[in-house]
Amino acid sequence: MRAEKRELRRWMRLAASILWLAAVGAAAGPQTIKPGEVWPDDRGQHIQAHGGGIIKVGDIYYWFGEDRSQGLDPSKRYVGCYSSKDLANWTFRSRVIQLSAPEDFSPRWVLERPKVYHNAKTGQFVMYMHIDDAYRLARVGVAVSNTVDGEYRYLKSFRPLGQESRDIGQFIDDDGAAYLIFEDRPAKGFHIATLSEDYLTVEKEVCLIRAPLEGGAIVHYKGLYYAIGSALTGWAPNPNKYATATRLEGPWSEFQDIAPPEMKTYGSQSTMLLKVVGTKATTVIFMGDMWKPKTQWDSRYLWMPLEIGEGKLRLPEPKEWTLDVVAGEAVVKK
Ligand code: GAL
């Protein structure tokens, strides 16, 4: 009898830990990422987080991006939010933005490339996005929420530092300092700027990198800053390029191709560089969008671990790969 009870308890403990694992969504060990393929979320639906950005809160990653699902209200713009502990298995949290034209915009208004920052002082989550009307306004928009996956309240739009701003990028340095990257057509380059203490406005220019590039992304890796950008070819892919600097202020090196130029970044466009620091290694992930302008909901993601170091950066040919978030190790399949 006693032995039976013990056995029953053992099974119950096992069941409880399986349930716990399922609940936190933590799949242990290396997880597979398949660049360019349909990427199903926990509901089996292709992830809608295009032109996205990722932040880590505690040990959970949150991925925000344009939700371009079919069948949505064409007058509204949507931002999807997903969470993951391993960067491979994503749980849909909610549409954190479902917005009708927030200002006096035409039906051709634009909300693109949302990026969320967590302000430790105010506790608020602050979303920046490219807000536009037929691509003539060139502004950023700001929305806030008290919780990471709550409904974001739209506050305003403006031109950062009075300059035109189209594609935006997000960079958080190792010291926690938050920067906005924004493309400025008249200046023929992209700005790196600091945010105000409450993150609700853009405060000061750190650098204007004079290269006509958008989709700007930065990573700080082993004492060097690496910036990646895409040429200005709209939805069509082009050879993305990178430069390096020892300080964000520059001077920045000449831009060089991240992959053989004829491959056009393997059909993708830069959106973010994500650094995963693990117990054994550090992996920098190139996050790119493979846009499908006519079937935008089916746009894919090209995520690959970069070959990076000592001033060199290379995007390898996309192949299935595994990521062990805890160890920080990436292995590209042969
Ligand atoms: C790209 C940009 C995208 C989107 C698109 C519209 O250049 O990176 O975010 O704005 O143009 O044509």
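It should be noted that the structure appears before, not after, this text.
Now for a description of the structure that goes with this document. (Residues numbered from 1 in each chain as written. Predicted model: local features only at pLDDT ≥ 70, side-chain atom pairs only at ≥ 80, totals over all residues. Heavy atoms only, no water.)

Digging into the pairing of strand β6 (residues 109–118)
Filter applied, for reference: Think of it in three bands: with a 1.4 Å probe and only protein chains considered, a residue is buried below 20% of the maximum accessible area for its type, exposed above 50%, and partly exposed in between. A run of H or I in DSSP becomes a helix once it reaches four residues, and a run of E becomes a strand once it reaches two; helices and strands are each numbered from the N terminus. When DSSP finds two or more bridges between two strands, those strands count as paired.
When you tally the buried positions in β6, you get nine out of 10 residues, the bulk of the element. Summarising the sheet, β6 and strand β7 (residues 125–133) pair through eight bridges and their orientation is antiparallel. Following the sheet pairing, Val116 is matched in β7 by Met127. Hairpin remark: β6 followed by β7, antiparallel, with six residues in the connecting loop; positive phi at Gly123, about 80 degrees.

Comments concerning empty space enclosed by the protein
Let me state the cut-off plainly: A 1.4 Å probe that fits into a set of points on a 1 Å grid over the protein atoms alone but cannot get out defines a cavity; an open set with protein on both sides within 12 Å along at least five of seven lines defines a pocket, and lining residues are those with an atom within 4 Å of a point. Grid points are joined across faces, edges and corners, and a volume is the space filled by probe spheres set on the points.
A full pass over the atoms with the stated rule returns one cavity of 30 Å³ or more. Of the pockets and cavities examined, the largest cavity occupies roughly 40 Å³. Around the largest cavity, the lining residues are Ser230, Gly234, Trp235, Ala236, Pro237, Asn238, Gly267, Ser268, Gln269, Asp289 and Trp291.

What about the environment of Phe92?
For Phe92, the location among the structural elements is in strand β5 (residues 91–100). Placed 10 residues apart in sequence, Phe92 and Tyr82 show a C-alpha to C-alpha distance of 4.5 Å.

So, the site of the ligand
The following threshold applies: Residues are labelled near a given molecule or strand when at least one of their non-hydrogen atoms is within 4 Å of it. Counting of polar contacts relies on pairs of N or O atoms within 3.5 Å, with two restrictions inside protein: one atom must be capable of donating a hydrogen and the other of accepting it, and residues adjacent in sequence are counted only when both atoms are side-chain atoms. Here the Shrake-Rupley method, with its probe set to 1.4 Å, supplies the accessible areas, and only the displayed protein chains count as covering residues.
Taken together, Glu112, Arg113, Tyr135, Asp167, Glu214, Gly234, Trp235 and Gln269 are the residues near the ligand. Within the side chain of Arg113, a nitrogen or oxygen atom sits 2.9 Å from an oxygen atom of the ligand. In this structure, Tyr135 approaches the ligand through a side-chain N or O atom, which is 3.5 Å from an oxygen atom. For the ligand, the protein covers 88% of the area, taking 310 Å² as the surface of the free molecule.

Quick look at the side chain of His50
To be explicit about the condition: Residues are treated as being in contact if the distance between any of their heavy atoms lies within 4.5 Å.
Mapped onto the elements of the fold, His50 is located in strand β2 (residues 50–57). At a separation of 2.8 Å, a polar atom in the side chain of His50 contacts the side chain of Gln48. Among all residues touching His50, those that are not within four sequence positions of it are Gly65, Glu66, Arg68, Asp289, Trp291, Gln296, Trp297, Ser299 and Tyr301.

Notes on the sheet that holds strand β24 (residues 329–332)
Where we set the bar: What counts as an axis is a line fitted to C-alpha atoms, over the stretch in contact for a helix, and the angles between N-to-C directions run from 0 to 180 degrees.
As summarised here, the arrangement of the three strands in space is β1-β23-β24, forming an open sheet in which the pairing is antiparallel. Edge positions in the open sheet fall to β1 (31–33) and β24, since each of these has one partner strand only. Taken pair by pair, the neighbouring strands of this sheet meet at an average axis angle of 25 degrees, ignoring direction. Pairing analysis gives four bridges linking strand β23 (residues 321–324) to β24, with the strands arranged antiparallel. Each residue of the ladder has a partner; that of Thr322, found in β24, is Val331.

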